[in-house]
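Tertiary structure, described
The primary structure of each chain is shown beneath.
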Amino acid sequence: RKEVEQDPGPFNVPEGATVAFNCTYSNSASQSFFWYRQDCRKEPKLLMSVYSSGNEDGRFTAQLNRASQYISLLIRDSKLSDSATYLCVVNEDSNYQLIWGAGTKLIIKP
Amino acid sequence: EAGVAQSPRYKIIEKRQSVAFWCNPISGHATLYWYQQILGQGPKLLIQFQNNGVVDDSQLPKDRFSAERLKGVDSTLKIQPAKLEDSAVYLCASRHQVGYTGELFFGEGSRLTVL
């Protein structure tokens, strides 16, 4: 089965710093890409879709590199509330069959 | 708008017993997913429905797991008999069929402990 891989972390980052993490995917035909955020003992929630041209939402920037088959998430001016697990999700086909990474745990420290 | 409803929130059973989880997706959402999430791992797809048809159940352990979505609305996931390794959170998610960009909405999950 095709895979999506993430560094599990944890990334321990001081408040106010910039942090970035990547996610690699194995299926070059993958159609669309997403970052979901999951707080401890909560359900995942969509953070951002990732577009080919890259996209930004406030302090969050997502990029797609099709040639190297990875997506990235950059968080600027990190807040304590950004502490969570960030899940990379790849849509492989028209049936919207999603492949999930195991997540990267981010801990923002005061 | 009401979210995805799941029940029960918590369930503790002994191995070899059976358990059933229920999910009611967001109204109008054609696609429904059941995921298993073990602590420290990403969600693992068990089964995906499009209306009342199965799109993908390749990772469903069919010897013990079953799921149905008879009227294309709510769904049940059953485990019989349960094993210790089935201890996990069972997440239901739904999505309105709108091409590739449709967001998945998750329920709060059903946390299963098998003793």
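Structure: see above.
In this report, the structure presented in the accompanying data block is examined. (Residues numbered from 1 in each chain as written. Chains lettered and ligands numbered in written order. Predicted model: local features only at pLDDT ≥ 70, side-chain atom pairs only at ≥ 80, totals over all residues. Heavy atoms only, no water.)

1. Points about the state of the cysteines
For the structure shown, the criterion picks out two disulfides over all chains. Covalently, Cys23 of chain A is tied to Cys88 of chain A through a disulfide, its sulfur atoms 1.9 Å apart. The sign of the S-S torsion, about -70°, decides the handedness of the disulfide formed by Cys23 of chain A and Cys88 of chain A: left-handed. Taken together, the residues span a long stretch of sequence, with Cys23 of chain A in strand S3 (residues 19–25) and Cys88 of chain A in strand S9 (residues 84–91) at a distance of 65 residues. Each member of the pair Cys23 of chain A and Cys88 of chain A is classed as buried. At a sulfur-sulfur separation of 1.9 Å, the disulfide partner of Cys23 of chain B is Cys92 of chain B. Its S-S torsion of about -65° marks the bond between Cys23 of chain B and Cys92 of chain B as left-handed, since a negative value means left-handed. Pair noted here: Cys23 of chain B is in strand S3 (residues 19–24) and Cys92 of chain B is in strand S9 (residues 88–95), with a separation of 69 residues, a long-range link. A single burial state applies to Cys23 of chain B and to Cys92 of chain B, both of which are buried. (Disulfide = S-S within 2.5 Å. Helix = DSSP H or I, 4+ residues; strand = E, 2+ residues; numbered from the N terminus. Buried < 20%, exposed > 50% of the residue type's maximum accessible area, 1.4 Å probe, protein only.)

2. A closer look at the packing of aromatic side chains
The way to describe two aromatic rings as a pair is by their centre distance and the angle between their planes. Per the counting criterion, the structure on display carries 12 aromatic pairs over all chains. With a centroid separation of 5.8 Å and an interplanar angle of 20°, the aromatic rings of Tyr33 of chain B and Tyr35 of chain B are classed as stacked. The residues Tyr33 of chain B and Tyr35 of chain B share a single accessibility class, namely buried. Relative to Tyr90 of chain B, the ring of Phe65 of chain B has its centre 6.4 Å away and its plane inclined at 40°; by these criteria the two rings are tilted. Of this pair, Phe65 of chain B sits in strand S7 (residues 65–68) while Tyr90 of chain B sits in strand S9, placing them 25 residues apart in sequence. Here the two residues Phe65 of chain B and Tyr90 of chain B agree in accessibility, since each one is buried. Here the aromatic cluster, defined as three or more aromatic residues joined through ring pairs, consists of Tyr36 and Trp100 of chain A together with Tyr33, Tyr35 and Phe106 of chain B. (Phe/Tyr/Trp six-rings, centres within 6.5 Å; stacked < 30°, edge-to-face > 60°.)

3. Structural notes on the interface of chain A and chain B
Listed as interface residues are 21 residues of chain A and, on the opposing side, 24 residues of chain B. Both faces combined, the contact of chain A with chain B buries some 1,900 Å², and carbon together with sulfur accounts for 50% of it. Looking only at chain A, the three residues that lose the most surface to chain B are Glu43, Tyr96 and Trp100 of chain A, adding up to 29% of its buried area. Where chain A packs against chain B, one counts zero salt bridges. Applying the counting rule to chain A against chain B returns three residue pairs in polar contact (both at pLDDT 80 or more). Elements supplying a minimum of two residues to the side of chain A that touches chain B: strand S4 (32–38), S9 and strand S10 (98–100) of chain A. Per-class residue counts for the side of chain A that touches chain B are nine nonpolar, eight polar and four charged. (Contact = heavy atoms within 4.5 Å. Buried area = accessible area lost by both parts, 1.4 Å probe. Salt bridge = Lys/Arg side-chain N within 4 Å of Asp/Glu carboxyl O. Polar contact = N/O pair within 3.5 Å; in protein donor to acceptor, adjacent residues only side chain to side chain. Nonpolar A, V, L, I, M, F, W, Y, C, P; charged D, E, K, R; others polar.)

4. What to know about the sheet that holds S7 of chain B
Residues and elements named next belong to chain B. A sheet is described by the order of its strands in space; here four strands give the open sequence S1-S3-S8-S7, paired in antiparallel fashion. What marks the edges here is a single partner per strand, and that holds for strand S1 (5–7) and S7. Sheet twist, expressed as the average angle between the axes of neighbouring strands with direction ignored, equals 15°. Here S7 runs beside strand S8 (residues 75–79); their pairing, made up of four bridges, is antiparallel. When the sheet's bridge partners are listed, Glu68 is paired in S8 with Thr76. (Pairing = 2+ DSSP bridges. Axes fitted to C-alpha atoms, helices over the stretch in contact; angles between N-to-C directions.)

5. Re the pairing of strand S6 (residues 53–56) of chain B
Judged from the three bridges that link them, strand S5 (residues 44–50) of chain B and S6 of chain B form a sheet pairing that is antiparallel. The residue of S6 of chain B that forms the bridge with Gln50 of chain B is Gly53 of chain B.

6. Re the environment of Asn52 of chain B
All names here are of chain B. By the secondary structure assignment, Asn52 is in the loop between S5 and S6. Through-space distance from the C-alpha of Asn52 to that of Lys71 is 6.1 Å; in sequence the pair is 19 residues apart. Asn52 has contacts with Arg69, Leu70, Lys71 and Gly72, leaving out every residue within four places of it along the chain.

7. Quick word on the sheet that holds strand S1 (residues 4–6) of chain A
Residues and elements named next belong to chain A. The five strands are arranged S1-S3-S8-S7-S6 in an open sheet whose pairing can be described as antiparallel. Only two strands of the sheet have a single partner each, and these edge strands are S1 and strand S6 (55–57). Each strand of the sheet is rotated relative to its neighbour by a mean of 20°, with strand direction disregarded. Relative to strand S7 (residues 60–65), S6 is paired through three bridges, and the arrangement is antiparallel. Along S7, the bridge assignment pairs Asp57 with Phe60.

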